[in-house]
Amino acid sequence: MSSEKHAFTDGLTHVLVIDDDRKLCGLIRDYLEPLGYAVAMEHAGPEGAERAVAEPWHAVILDLMLPGCDGYEVLRRVRVKSAVPILMLTARGDEADRIVGLEIGADDYLPKTFSSRELLARLRAVTRRAALTQAAVTVEPVVKELISGPLRLNLDARVATLDDRALNLTPVEFDILAALMKSRGRIRSREALIESLRDREYEVFDRSIDVHIAALRRKLRDDAHEPRFIRTVRSAGYLFIQATS
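The structure presented is a predicted model; accordingly, all values stated were derived computationally and were not measured.

J.: I'm lost on the side chain of R217 in this one. Help?
T.: Considering the arrangement of structural elements, one finds R217 in helix 8 (residues 208-220). The buried charged residue R217 lacks any salt bridge partner; its closest oppositely charged side chain belongs to D222, at an N-O distance of 4.5 Å. Those residues within four positions of R217 in sequence are excluded, and the remaining contacts are D222, A224, I230, R231, T232 and Y238.

J.: I tried to follow the UniProt feature "modified residue: 4-aspartylphosphate" (unreviewed entry) in the protein on my own but got confused; where do I start?
T.: Taken from the UniProt record, the annotation "modified residue: 4-aspartylphosphate" (unreviewed entry) applies to D63. Here D63 is in contact with I18, D19, D20, G71, L89, T90 and K112, once residues within four sequence places are set aside.

J.: How do you make sense of the environment of L177 when you look at a structure like this?
T.: For L177, the location among the structural elements is in helix 6 (residues 171-182). C-alpha of L177 to C-alpha of I230: the two residues are 53 residues apart in sequence and 9.0 Å apart in space. In contact with L177, not counting residues within four places along its chain, are L151, L153, L169, L216, L220, I230 and F240.

J.: I would appreciate a short explanation of the sheet that holds strand 12 (residues 237-240) in the present structure.
T.: Through backbone hydrogen bonds, the strands of a sheet pair up, either in parallel or in antiparallel fashion. Across the sheet, which stays open at both edges, the 3 strands sit in the order 10-12-11 with antiparallel pairing between neighbours. If you trace the sheet from one side to the other, it starts and ends with strand 10 (187-188) and strand 11 (230-233), each paired once. With 2 bridges connecting them, strand 10 and strand 12 associate as antiparallel partners. Bridge pairing in strand 12 places I187 opposite L239. Where helix 6 meets the sheet, it contacts strand 10, strand 11 and strand 12, and its direction lies at approximately 70° from that of strand 12. In the packing of helix 8 onto the sheet, contacts are made with strand 11 and strand 12, and the angle to strand 11 comes to roughly 145°.

J.: In this structure, what is going on with unusual backbone geometry? I would like to understand it.
T.: Phi angles above zero are rare outside glycine, and D163 is one such case at about 55°. Positive phi, close to 65°, is recorded for S235, a residue that is not glycine. Positionally, S235 belongs in the loop between strand 11 and strand 12. Among the residues examined, S235 registers a relative accessible area of 76% and is labelled exposed.

J.: When you look at the environment of R165 in this model, what are you seeing that I'm missing?
T.: Within the fold, R165 resides in strand 9 (residues 165-167). Spatially, the C-alpha atom of R165 lies 9.8 Å from that of R152, the residues being 13 residues apart in sequence. Not counting residues within four places of it along the chain, the set of residues in contact with R165 comprises A160 and R221.

J.: Got a minute to help me understand helix 6 in this structure?
T.: A turn of α-helix holds 3.6 residues, and therefore any two residues three or four places apart point the same way. For helix 6, spanning 12 residues, the distance from its first C-alpha to its last is 16 Å, which sits close to the expected 16 Å at 1.5 Å a residue. For helix 6, a buried count of 10 out of 12 residues is recorded, marking the element as mostly surrounded by other parts of the structure. Within the sequence span of helix 6, burial applies to V172, E173, F174, D175, I176, L177, A178, A179, L180 and M181.

J.: Would you mind going over helix 1 (residues 22-32) with me for this structure?
T.: Buried within helix 1 we find L24, C25, G26, I28 and L32. N-cap assignment for helix 1: the residue whose side-chain oxygen lies 3.2 Å from the backbone N of K23 is D21.

J.: Would you explain the sheet that holds strand 3 (residues 59-63) in this entry?
T.: Spatially, the 5 strands line up as an open sheet ordered 2-1-3-4-5, and their pairing is parallel. Bordering the open sheet on either side are strand 2 (37-42) and strand 5 (108-111), each of which pairs with just one other strand. Sheet twist, expressed as the average angle between the axes of neighbouring strands with direction ignored, equals 20°. In this sheet, strand 5 lies alongside strand 4 (residues 86-90) in parallel orientation, the contact comprising 4 bridges. Each residue of the ladder has a partner; that of M88, found in strand 5, is Y109. This element, helix 1, spans strand 1 (13-18), strand 2, strand 3 and strand 4 of the sheet and lies at about 170° to strand 2.

Conventions used here
Residues numbered from 1 in each chain as written. Predicted model: local features only at pLDDT ≥ 70, side-chain atom pairs only at ≥ 80, totals over all residues. Heavy atoms only, no water. Helix = DSSP H or I, 4+ residues; strand = E, 2+ residues; numbered from the N terminus. Buried < 20%, exposed > 50% of the residue type's maximum accessible area, 1.4 Å probe, protein only. Lys, Arg positive; Asp, Glu negative; His and termini not counted. Salt bridge = Lys/Arg side-chain N within 4 Å of Asp/Glu carboxyl O. Contact = heavy atoms within 4.5 Å. UniProt positions renumbered as here; feature names shortened; annotations may be inferred. Pairing = 2+ DSSP bridges. Axes fitted to C-alpha atoms, helices over the stretch in contact; angles between N-to-C directions. Expected span 1.5 Å × (residues − 1). Polar contact = N/O pair within 3.5 Å; in protein donor to acceptor, adjacent residues only side chain to side chain.

If you want it as structure tokens, here you go:
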């Protein structure tokens, strides 16, 4: 990964914009730099792909339509060598275009009719997720089994048992329960739970977390009003309680 070569130490968020629209690049730079960003620009596909992996960017804003090679090809080349967050930026708004970009490895997708505030919000979101993921990779110990009283999760075999009886959990339910148990004693927001599932093949959305939690409670024989395992923290998320028996 390019981030292993060296790190920026100036406290700024370094962003590479790859877009042949020089005026738009200038507008993005002028908007972001007063907010603590350092913005560099490339205007062709091959040069943009090369520079994206040559330096440890915090994020890349990538146009789809580029001279030399299109944004899809740039994305493919970058993903071979780097996990840098990439925000796709394009005038083409078809759903098929968005799906292709995301499946190839884009972190988010923004049509060129965006507002400056939306660009900033999405840029902050992708860089925040990348920082959280890197922190988890760096500090999270290797754990093969999670135990809380009579509840056990074998992470290698993906088997959950309660009172030595197997629980028939769906893959989503298993991963949500594992995320909560790993963070026992700390509140996990819906957004944080969704983030813990982002590398899986299934999709989970904000309110669907509540549905999966309800299903988990039924299988754990857990009372939402007097919880033994999972407590709802109003307006904040969910908290796993360390069971004693």
